[in-house]
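The chain contents come next:
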Amino acid sequence: MLKFKSQLLMFFTAVKIRLEHGWTKHSMAINERGLTCAYDDPDATAWCWLGAIAAENHFFPKKEPDMDREYLGVMRAVTPGPEHNPINFNDHPKTTQNDMLQLVQAAIAYCQTH
């Protein structure tokens, strides 16, 4: 049973909504002209996995390493590949926005059942 189940569900849902809005590779975020910008820039229109989680990190309480561990455990469980690394998966040449949305949906499902 996940100790931070409700926080993780809200977090992954917020990340999913952000990635549905716009997704990119090799930059934390880009603006509508396709130029790299900060993940929290008001002009950002698309985010990579790391940019999306950074933008939604307000769901993580300060000084709560157990939530970080649970997040990492969920991601190891659902991310394909030998490294189980969502950042590498995001930036893989064959990964699509739909692949990333499926990944975050798998994380949501994992949280709902554990």
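What this report covers is the structure whose coordinates are included nearby. Source: prediction; values computed, not measured.

1. Some points on helix α1 (residues 5–21)
So, point 1. For α1, which comprises 17 residues, the first-to-last C-alpha distance of 24 Å matches the rise-based estimate of 24 Å (1.5 Å per residue) to within 8%.
So, point 2. For α1, the full list of buried residues reads Leu8, Phe11, Phe12, Ala14, Val15 and Leu19. One side of α1 carries all its buried residues, which in axial view fall inside an arc of 160 degrees. Away from its buried face, by an angle of more than 90 degrees, α1 presents the exposed residues Ile17 and His21.
So, point 3. Summarising the contacts, the buried residues of α1 are in contact with β3 (44–47), α2 (49–55), α3 (65–78) and α5 (97–113).

2. Some thoughts on α3
So, point 1. In this model α3 runs 20 Å from its N-terminal to its C-terminal C-alpha over 14 residues, within 8% of the 20 Å that 1.5 Å per residue would give.
So, point 2. Listing the buried residues of α3 in full gives Met67, Glu70, Tyr71, Val74, Met75 and Val78. Mapping the buried residues of α3 onto a view down its axis gives an arc of 135 degrees, with all of them on the same face. Turned more than 90 degrees away from the buried face of α3 sit Arg69 and Arg76, all of them exposed.
So, point 3. The inward-facing, buried residues of α3 contact α1, α2, α4 (86–91) and α5.

So, how was this worked out
Residues numbered from 1 in each chain as written. Predicted model: local features only at pLDDT ≥ 70, side-chain atom pairs only at ≥ 80, totals over all residues. Heavy atoms only, no water. Helix = DSSP H or I, 4+ residues; strand = E, 2+ residues; numbered from the N terminus. Expected span 1.5 Å × (residues − 1). Buried < 20%, exposed > 50% of the residue type's maximum accessible area, 1.4 Å probe, protein only. Arc of directions from axis to C-beta. Contact = heavy atoms within 4.5 Å.

The quantities given are spatial measurements derived from coordinates; they are silent on function.
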